[in-house]
Amino acid sequence: MDNLQDLSTICQCLNQLELDEYRSLLHDHRSHKLFTGNTIQLHVAAQLLGLTSYDMIAEQLQVSQTLRERTQLDSISPSALSRKTAQLCTDTLQAIFFRLVQQMATLHPSATNKLPGGKRLKVIDATELVLPLQRASWAYCSFSKRGVKMHTRVVIADPKQLVYADRFIASTADVDERAVSLQLVTDPDAIHVMDRGYQNHHHFEQWTQPGKEIPFVARVRANTQMIATKDFRLSKADKRWIFWDRKVTISKCSRTLRAVFFRDENDKEYYIITNCMDISATEIAQIYKYRWLIELFFKWLKQHLRLVKVISYSPQGIWNQLYLALIAFALCTWVRLQAKTNKTTWDILQLIRMYATHPWKEMVRAMQRLPTRKSKGRQRLQKPREPMPVLKKWMSR
């Protein structure tokens, strides 16, 4: 990286894909100039530069000499690019994505000392992309809805500095979250955090099998029937927002679990089920609060990479676009970690777009430039809140 300071910023980013002159034996045997390698590079560059259509990609290639030299393409028609995108092998994009994830994990291992529970955190959730009724009949969900769903697992390496996806499963929007949870909750060395959509008592029992235990923290519905078998003592400070912490049994699960009930700053109630017995109730509540980071991750993809606008309506084209968006996010994160800067991933993406055709050394100076404003501005003071009465929704014996 250090010996390529005069290379343009966009080319430096595309270098990390390691796709120079890459050709697929299966899909490129009849291609003359548009191969798998330069097609992927074009699409990743489009994600980084904010290009949202084949016409914009083709036009950008016309005006950017740097991109033409990088892809070895003088020009390309939007229709040819569309056909090639639908033929891209998703396994190739998946391999690139996994390699970038491994590089991020190497550059910034999970800061377990900063995480509650002292273990890595992985948050499981899904987001939907709505598709046109007429052009995506294969993604039928109901009479008035077509769409796809992105089941994602996000690593919370550092809550304030590093959040990234390490795996996702694509499906049509009618696939329930519980149907893919067993494929996402797999790491015995990490705590998996889930919302109410993943409540499945058979899965809870499977994740609590002796010798095969997988830690999880899951929110359950308020009307879930629990039988309390033991109460854990709470400190006086915790009692202001954590109202009980118990060992419980639930239906369709023969294993003893732990239940925590708390309210957040907005007086919203949360009923949590977990198999983590060796951490405090405060840590369990804080672990679940980190689940919101995956919502911010989805918002980042849709808002900054325009994932809400698909450029293809075929199944293969949409699966490929999901991977291309994740690869673009991983590249921005990799640049931030490699530069060891305090700027956010959004700041890095903005700098990539501004310095795309400038030498990489100018991009590095911009990332290392210190802010001129030292004041943090007006800060809002949090007011202490009074505890509210709790309704008993449990059975004891």
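Residues numbered from 1 in each chain as written. Predicted model: local features only at pLDDT ≥ 70, side-chain atom pairs only at ≥ 80, totals over all residues. Heavy atoms only, no water.

(A) Inspection of the overall build of the protein at higher detail. A count of helices and strands for the protein gives 13 helices and 11 strands. Counting only residues that meet the buried cut, the protein has 51% of its 397 residues in that class. Of the contacts formed within the protein by residues at least 6 apart in sequence, a portion of 63% connects residues at least 24 apart. Summed over its atoms, the accessible surface of the protein is roughly 20400 Å², and 49% of this surface lies on carbon and sulfur atoms. Looking at the protein, you have 59 positive and 36 negative side-chain charges, and the mean spots of the two groups are 5 Å apart. (Helix = DSSP H or I, 4+ residues; strand = E, 2+ residues; numbered from the N terminus. Buried < 20%, exposed > 50% of the residue type's maximum accessible area, 1.4 Å probe, protein only. Contact = heavy atoms within 4.5 Å. Areas by Shrake-Rupley, 256 points an atom, 1.4 Å probe, with all protein chains shown as cover. Lys, Arg positive; Asp, Glu negative; His and termini not counted. Charge placed at Lys NZ, Arg CZ, Asp CG, Glu CD.)

(B) Structural detail: the environment of isoleucine 318. Following the sequence through the fold, isoleucine 318 ends up in helix α11 (residues 315–339). Separated by 148 residues in the primary sequence, isoleucine 318 and alanine 170 place their C-alpha atoms 9.2 Å from one another. Discounting residues that sit within four places of it in the chain, isoleucine 318 has contacts with Leu131, Trp138, Val148, Ser312 and Tyr313.

(C) Up close: the environment of arginine 99. Mapped onto the secondary structure, arginine 99 falls in helix α6 (residues 90–107). Relative accessible area serves as the criterion here: at 25%, arginine 99 is assigned to the partly exposed category. With 83 residues separating them in the primary sequence, arginine 99 and glutamine 16 have C-alpha atoms 9.7 Å apart. Excluding anything up to four places from it in sequence, arginine 99 contacts Gln16, Leu17 and Glu18. There is a polar contact of 3.1 Å between the side chain of arginine 99 and the backbone oxygen of glutamine 16. (Polar contact = N/O pair within 3.5 Å; in protein donor to acceptor, adjacent residues only side chain to side chain.)

(D) The arrangement of the pairing of strand β10 (residues 269–274) in detail. Among the 6 residues of β10, 5 are classified as buried, and the element is accordingly described as predominantly covered. Here strand β6 (residues 216–220) pairs with β10 via 4 bridges, running antiparallel. Across the sheet, alanine 218 pairs through a bridge with isoleucine 273, a residue of β10. As paired elements, strand β9 (residues 257–263) and β10 share 6 bridges and run antiparallel to each other. Residue alanine 259 lies in a different strand from β10, and its bridge partner there is isoleucine 273. Hairpin remark: β9 followed by β10, antiparallel, with 5 residues in the connecting loop; positive phi at aspartate 267, about 60°. (Pairing = 2+ DSSP bridges.)

(E) Here's a closer look at the nonpolar core. By size, the foremost hydrophobic cluster in this structure holds 103 residues, and its most contacted members are Leu17, Val44, Leu48, Phe262, Leu301, Ile327 and Met363. The greatest single-element share of this core, amounting to 17 residues, is contributed by α11. Ignoring any residue separated from it by four or fewer positions in sequence, one finds leucine 48 in contact with Ile10, Cys13, Ala328, Leu331, Cys332, Leu349, Ile352 and Arg353. Membership of the second largest hydrophobic core comes to 25 residues, among which are Leu184, Tyr198, Ala218 and Ile250. (Core = buried A, V, L, I, M, F, W, Y, C linked by side-chain atoms within 4.5 Å.)

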